[in-house]
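Architecture and fold: a report
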Amino acid sequence: MTVASSTNKAGPYAGDGVTVAFSFAFKVQASTDIEVVSTTTVAAVAVDTTLVAGTDYTVALNADQDASPGGSVTATVAPAVGAQITILRNLTLTQGASLPNQGGFYPKVIENALDKLTMMVQQLYEKTGRALLLSVADSITNLHDLLTSINNSASAAAGSASAAGASASSASGSATAAAGSATAAAASASDATTNGAAQVALATTQANLATTNGAAQVALATTQANLATTNGAAQVALAQAWATQLGTPVSGGEYSAKYWAQQAASLLTGELTYMGSWDASTAAYPPSPVKGAFWKVSVGGTVSGTSYSPGDDIIYNGTTWDKIHNGASAISLDYTSRGNLRTGTYSNGDQAIIDGLGLFIFSTGSTEIDDDETCFAATGGCWLLEAAAWDVAFAYWLPDYYVHDERIEDAENNIVAAQANIATLQAFEAKFLSATFSMTLTSLASVTSSDFTVTVTGAALGDTVIVNPGDSFGTSTTDKALLSYSAYISAANTVTVSIRNASASSANMTASTWAVRVIKQ
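Here goes a summary of the coordinates provided. All figures in this text were calculated on a predicted structure; none of them were measured in a lab.

Observations regarding the overall build of the chain
- Counting its regular elements, the chain contains seven helices and 26 strands.
- By the burial criterion, 31% of the 521 residues in the chain qualify as buried.
- In the chain, the share of contacts with a sequence separation of at least 24, taken over all contacts with a separation of at least 6, comes to 57%.
- On the chain, roughly 28,800 Å² of surface is accessible, and the fraction owed to carbon and sulfur atoms is 57%.

Observations regarding the side chain of D350
- Within the fold, D350 resides in the loop between β14 (330-333) and β15 (351-354).
- Of the polar contacts made by the side chain of D350, one reaches the backbone nitrogen of S347; its length is 3.0 Å.

Topic: helix α1 (residues 107-129)
- Taking 1.5 Å of rise per residue, the 23 residues of α1 would be expected to cover 33 Å, and the 33 Å separating its terminal C-alpha atoms lies within 8% of that figure.
- What α1 keeps buried is the set I110, A113, D115, K116, L117, M119, M120, Q122, Q123, L124, E126 and T128.

A short note on the packing of aromatic side chains
- Per the stated rule, a full pass over the model turns up 16 aromatic pairs.
- With centroids separated by 5.4 Å and ring planes inclined at 35°, the aromatic side chains of Y13 and F22 adopt a geometry described as tilted.
- Of the residues examined, Y13 reaches a relative accessible area of 25% and is grouped as partly exposed.
- We classify F22 as buried; its relative accessible area is 6%.
- An aromatic cluster is present here, built from W278, Y285, W295, Y308, Y316 and W321 joined pairwise through their rings.
- A cation sits over an aromatic face here: K323 above Y308, 5.6 Å from the ring centre.
- When the ring centre of Y335 is taken as origin, the NZ or CZ atom of R338, which lies over that ring, is 4.0 Å away.

Notes on the pairing of strand β6 (residues 71-75)
- Direction of pairing for strand β2 (residues 21-24) relative to β6: antiparallel, over a ladder of four bridges. The partner of A21 across the bridge, within β6, is T74.
- With five bridges joining them, strand β5 (residues 57-61) and β6 adopt antiparallel strand pairing. Residue Y57 lies in a different strand from β6, and its bridge partner there is A75.

Focus on the nonpolar core
- Grouped together as the largest cluster of nonpolar side chains are 30 residues, with contacts concentrated most on V456, V495, I499 and W514.
- Residue assignment for this core shows that the elements contributing at least two residues are β19 (432-439), β21 (448-455), β22 (464-468), β23 (483-491), β24 (494-501) and β26 (512-519).
- What I499 contacts, discounting residues up to four positions off in sequence, is M439, L444, T448, S449, S450, F452, F473, S484, Y485, M509 and W514.

Let's talk about the sheet that holds strand β3 (residues 34-42)
- Strand order in the open sheet formed by four strands is β1-β7-β3-β4, with antiparallel pairing between adjacent strands. The open sheet terminates on both sides in strands that have one partner only, identified here as β1 (9-14) and β4 (45-50). Each strand of the sheet is rotated relative to its neighbour by a mean of 25°, with strand direction disregarded.
- Sheet analysis places β3 next to β4, joined by six bridges and oriented antiparallel. Following the sheet pairing, T39 is matched in β4 by D48.

Remarks on the pattern of salt bridges
- Counting across every chain of the model gives eight salt bridges.
- Among the ionic pairs, R338 bridges to D372, the shortest N-O distance being 2.7 Å. In this pair, R338 is assigned in the loop between β14 and β15 and D372 in the loop between β16 (358-364) and β17 (375-378), connecting sequence segments 34 residues apart.
- You can call D372 partly exposed: its relative accessible area is 24%.
- Put simply, R338, R342, D370 and D372 are held in one network by salt bridges that share partners.

Considerations on the sheet that holds β21
- Ordered by their spatial adjacency, three strands build an open sheet running β21-β24-β23, and the pairing between neighbours is antiparallel. Every interior strand has two partners, whereas the edge strands, β21 and β23, have only one. Direction aside, the axes of adjacent strands within the sheet are offset by 20° on average.
- Relative to β24, β23 is paired through eight bridges, and the arrangement is antiparallel. Residue pairing across strands places L483 opposite N501, the latter belonging to β24.

Section: unusual backbone geometry
- Cis geometry marks the peptide bond from G11 to P12; its omega dihedral reads 5°.
- With respect to the element layout, P12 can be found in strand β1.
- Residue S304 is not a glycine yet carries a positive backbone phi of 50°.
- Using a relative accessible area of 69% as the deciding quantity, one classes S304 as exposed.
- Positioned with a positive phi, N493 is a non-glycine residue whose angle comes to about 70°.
- Among the structural elements, N493 can be located in the loop between β23 and β24.
- By relative accessible area, which is 31% here, N493 ends up partly exposed.

Brief notes about the environment of T86
- Following the sequence through the fold, T86 ends up in strand β7 (residues 84-89).
- When the C-alpha atoms of T86 and A10 are compared, they prove to be 6.0 Å apart, with 76 residues separating the residues in sequence.
- Aside from chain neighbours lying at most four places away, what touches T86 is K9, A10, P12, E35, V36 and V37.

Criteria and thresholds
Residues numbered from 1 in each chain as written. Predicted model: local features only at pLDDT ≥ 70, side-chain atom pairs only at ≥ 80, totals over all residues. Heavy atoms only, no water. Helix = DSSP H or I, 4+ residues; strand = E, 2+ residues; numbered from the N terminus. Buried < 20%, exposed > 50% of the residue type's maximum accessible area, 1.4 Å probe, protein only. Contact = heavy atoms within 4.5 Å. Areas by Shrake-Rupley, 256 points an atom, 1.4 Å probe, with all protein chains shown as cover. Polar contact = N/O pair within 3.5 Å; in protein donor to acceptor, adjacent residues only side chain to side chain. Expected span 1.5 Å × (residues − 1). Phe/Tyr/Trp six-rings, centres within 6.5 Å; stacked < 30°, edge-to-face > 60°. Lys NZ or Arg CZ within 6 Å of the ring centre and 35° of its normal. Pairing = 2+ DSSP bridges. Core = buried A, V, L, I, M, F, W, Y, C linked by side-chain atoms within 4.5 Å. Axes fitted to C-alpha atoms, helices over the stretch in contact; angles between N-to-C directions. Salt bridge = Lys/Arg side-chain N within 4 Å of Asp/Glu carboxyl O.

Listed below in structure tokens is the structure:
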């Protein structure tokens, strides 16, 4: 609900020594947002005393502050006759709403924060309404001119007092000539002098008081008005940014509630979005990525220390980039074709087996010297001999019995290591399953979807699915914008691909062959 009323004060209520309950009808968010002030008159001057909650009074709020705002204040002791009780809204000038990352987006939280900002502005407006203000038509437009006017009035009062003193002195001279009335004239002169001095002192005191109070009230009103304008506008803008801002962080790398709501929706559907091909030789990742977007590498290269080969996939996980290596994980060459390792682009850890030499592992960034036997230099690194073949090992045997024995043992260890690497490679390859299906759908009506099932042997519930569309998803840019798709494991060995058109217009597609990849858990 909104803050429908601009009222934020109740009273003043006149004390009668009997009544203890006083009501108010403005909205508050907590009983601690209430301030109660007792006003008494001392020597014709109103004196305000702020009462203490829990000691001098208690507060009872209406249950529904939107439908029935307000409540009542009950005094511990009934205010005496002559006292006045005023109830005001008095909020702490803080912002307590918290919107955590990836938390739920609750409109009530934002509404309560905006309600509090509105009530803060009303509270400050009420206080500035009691400040000293000049007429809008007054020729005095600044504090300096106001003080000058007050000082001129004080000087005029002092001049009048001086004239009264001069008149008293003249009366005293006349008394000298008339002995009979000298005493009376002297007394009159003395009274005039005393009264004149008193009038000068009173005028000076009043001028000083007016100067001090005027300056203080002007400064207070200016400060409160500036604070209300600045804080109100800033807090409203900040609240709107935390609620709806998209594309960039609101503050300190943190995003808005709407941004995280969209991310949560993407996580619930498990949807990945194919963005097309990417040239890794540009040495820069695709700009402005969204979580779940992925690209297929068309040209190899290295970005931020990670090597990419054609056929690899890159997926943005919302914070960093993940690489799925889909290139050839192992290469097999005969001895005469070993020079082929020097061509092409490879990823760190790729493996190759060369007849007569053994198992080679590609090391990104390696600068070993290419000797055509144990090292082959390629773009971005070197192929290094990991485990030698038996004929290479035998070529290094020496006649010495112990040397023979050690080298046999080393060769056996190398074979075990190679077998372990091959087993690791086979296990790694087993985690990636693939299949294709033909998408024959050429037109999809508005607000409809069409599902295709694909058999992928080994796929199980919970595995990750990546789907690459054919050469063309939609027949035009407009059609592509209307369509979306997602994929999931619907049953053992079965992947379901759902193509959706959530728009109000039909969309046209091109029949094509799609690739389906499953990553085992």
